[in-house]
Amino acid sequence: MVRTAQLLTGDFHEAEDLVQTTLAKVYARWRRVPREEIDLYVRRALINNNLSRVRRKRVVHLLTPVLPESLRHTSASHAEAVEQRTALLAALADLTARQRAVMVLRYWEDLTELEIASVLNCSIGTVKTHARRGLAALRAHPGLVTVPAPPLPAPTGARR
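The notes below deal with the structure included here. (Residues numbered from 1 in each chain as written. Predicted model: local features only at pLDDT ≥ 70, side-chain atom pairs only at ≥ 80, totals over all residues. Heavy atoms only, no water.)

A word on the overall build of the chain
Then, number 1: Helix and strand counts for the chain come out as seven helices and zero strands.
Then, number 2: Order of helices (α) and strands (β) in the chain, N terminus to C terminus: α-α-α-α-α-α-α.
Then, number 3: Considering only contacts in the chain between residues 6 or more positions apart, those separated by 24 or more positions represent 59%.
Then, number 4: When the accessible surface of the chain is split by element, carbon and sulfur atoms take 56% of a total near 11200 Å². (Helix = DSSP H or I, 4+ residues; strand = E, 2+ residues; numbered from the N terminus. Contact = heavy atoms within 4.5 Å. Areas by Shrake-Rupley, 256 points an atom, 1.4 Å probe, with all protein chains shown as cover.)

A word on the pattern of salt bridges
Then, number 1: Within the structure shown, the criterion is met by two salt bridges.
Then, number 2: For the salt bridge of Glu109 with Arg43, the shortest nitrogen-to-oxygen distance reads 3.1 Å. Here the residue Glu109 occupies a position in the loop between helix 5 (97-107) and helix 6 (113-120), and Arg43 occupies one in helix 3 (residues 38-56), the gap between them amounting to 66 residues.
Then, number 3: Note on Glu109: relative accessible area 23%, which makes it partly exposed. (Salt bridge = Lys/Arg side-chain N within 4 Å of Asp/Glu carboxyl O. Buried < 20%, exposed > 50% of the residue type's maximum accessible area, 1.4 Å probe, protein only.)

A few points about the packing of aromatic side chains
Then, number 1: Scanning all chains against the criterion turns up zero aromatic pairs.
Then, number 2: For Arg106, the ring lying beneath its charged end belongs to Tyr107, and the centroid distance is 5.8 Å. (Phe/Tyr/Trp six-rings, centres within 6.5 Å; stacked < 30°, edge-to-face > 60°. Lys NZ or Arg CZ within 6 Å of the ring centre and 35° of its normal.)

Concerning unusual backbone geometry
Then, number 1: Of note, Asp110 is a non-glycine position whose phi angle comes to about 60°, a positive value.
Then, number 2: The topology assignment puts Asp110 in the loop between helix 5 and helix 6.

Some thoughts on the packing of helix 5 against helix 7 (residues 124-140)
Then, number 1: At a closest axis distance of 8 Å, the pairing of helix 5 and helix 7 adopts a crossing angle of 95°. Between helix 5 and helix 7, the angle is such that the two are roughly perpendicular. Together, Arg98, Gln99, Val102, Met103 and Tyr107 of helix 5 and Val127, His130, Ala131, Arg133, Gly134, Leu135 and Leu138 of helix 7 make up the contact between the two elements.
Then, number 2: Of the residues contributing to the contact of helix 5 with helix 7, the split by class is seven nonpolar, three polar and two charged. (Axes fitted to C-alpha atoms, helices over the stretch in contact; angles between N-to-C directions. Parallel < 35°, antiparallel > 145°, perpendicular 65-115°, else oblique. Nonpolar A, V, L, I, M, F, W, Y, C, P; charged D, E, K, R; others polar.)

Some thoughts on the side chain of Arg53
Then, number 1: Tracing the backbone shows Arg53 in helix 3.
Then, number 2: At 2.7 Å, the side chain of Arg53 forms a polar contact with the side chain of Asn50. (Polar contact = N/O pair within 3.5 Å; in protein donor to acceptor, adjacent residues only side chain to side chain.)

Re the environment of Leu8
Then, number 1: For Leu8, the location among the structural elements is in helix 1 (residues 2-9).
Then, number 2: Through-space distance from the C-alpha of Leu8 to that of Leu89 is 9.1 Å; in sequence the pair is 81 residues apart.
Then, number 3: Contact partners of Leu8, with chain neighbours within four places excluded, come to Leu46, Ile47, Asn50, Arg100, Ala101 and Val104.

Let's talk about helix 5
Then, number 1: In terms of residue burial, helix 5 counts as a mostly covered element, since eight of its eleven residues are buried.
Then, number 2: Inspection of helix 5 places Ala97, Gln99, Arg100, Ala101, Val102, Met103, Val104 and Leu105 among the buried residues, and these make up the whole buried set.

Written out as structure tokens, the structure reads:
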């Protein structure tokens, strides 16, 4: 839950607070939670608490674009992985809260569009729209732009 919350909030400490708040609220209603829908209920509560937190704007998102030198490791591959993760978190932070929720639930939690619609209490079309717009924003984000692959040559003798 903390990893999912971290992707939603962009900050580890905010994620811990979000999970703690969510679990406290779920605990208060535990007897009314249907046993066959516990995962759905907790995910929905986590998403809703995050959306409420964003709406109230009580917390300002602070993402560090580059790790301090004391936290960098000497391994080049590790440093690249950390920079990619930092760029991804920054790109996720630029999305709207609903788009971020759809991206996290789809690609981190690996939920289907129907399950996401159920968690977010919206239509499948809304989920598809948020996913399409979120992916477009992530693809266009300057921190995530990669060098495009060279175009494949056209097959010889192919009709056009």
